[in-house]
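# Examination of the molecular architecture
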Amino acid sequence: MEVIKSSLDSNDLAKRGESLIRQSSNRYLTTVRIAFRAKQRRFDDFDGLLEESNVKPVQRAIVELSDEQDQPDLLPG
């Protein structure tokens, strides 16, 4: 996965979010996946597991899920 910049470009973030929704078969489930991942990142942030705490959890979730969607070969397993 690419390193998440401290200040995300809002246009890039919007395009990534649109891409996630457009390529999904169920918009609701995609929204739930983003929210669940953001919640995980928020708790990781509280536990001090993440270095970049200035990126909001929802933004981080969108970038991560977008990267996973665009580059499935990078996923473990």
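A few points on the structure. None of the values given here were measured: they were computed from a predicted structure. (Residues numbered from 1 in each chain as written. Predicted model: local features only at pLDDT ≥ 70, side-chain atom pairs only at ≥ 80, totals over all residues. Heavy atoms only, no water.)

## Description of the side chain of Arg16
Summarising the element assignment, Arg16 is placed in helix H1 (residues 10-22). Of note is the side chain of Arg16, whose polar atom sits 3.4 Å from the backbone oxygen of Val63. (Helix = DSSP H or I, 4+ residues; strand = E, 2+ residues; numbered from the N terminus. Polar contact = N/O pair within 3.5 Å; in protein donor to acceptor, adjacent residues only side chain to side chain.)

## Regarding the nonpolar core
Grouped together as the largest cluster of nonpolar side chains are 8 residues: Leu13, Leu20, Ile34, Ala38, Ala61, Ile62, Val63 and Leu65. Within the residue set of this core, elements represented by two or more residues are H1, helix H2 (27-46) and helix H3 (57-70). Residue contributions to this core peak at 4 residues, all from H3. With residues up to four places along the chain from it excluded, the contact list for Ala38 reads Pro57, Val58 and Ala61. (Core = buried A, V, L, I, M, F, W, Y, C linked by side-chain atoms within 4.5 Å. Buried < 20%, exposed > 50% of the residue type's maximum accessible area, 1.4 Å probe, protein only. Contact = heavy atoms within 4.5 Å.)

## Side note on the environment of Leu65
Tracing the backbone through its elements, the reader meets Leu65 in helix H3. Exposure remark for Leu65: the relative accessible area of 4% places this residue in the buried category. Each C-alpha atom of the pair Leu65 and Leu20 lies 7.7 Å from the other, and the pair is 45 residues apart in sequence. Each residue touching Leu65, except ones within four places of it in the same chain, is listed here: Leu20, Arg33, Ile34 and Arg37.

## Some words on a nonpolar patch on the surface
A contiguous nonpolar surface patch, about 320 Å² in accessible area, is contributed by Tyr28, Leu29 and Val32. Its place among the elements puts Tyr28 in helix H2. (Patch = residues over 30% accessible without salt bridge, like charges linked within 9 Å, V, L, I, M, F, W, Y side chains within 5 Å. Areas by Shrake-Rupley, 256 points an atom, 1.4 Å probe, with all protein chains shown as cover. Salt bridge = Lys/Arg side-chain N within 4 Å of Asp/Glu carboxyl O.)

## Notes on the side chain of Glu68
As for its position among the elements, Glu68 is in helix H3. At 3.0 Å, the side chain of Glu68 forms a polar contact with the side chain of Arg37.

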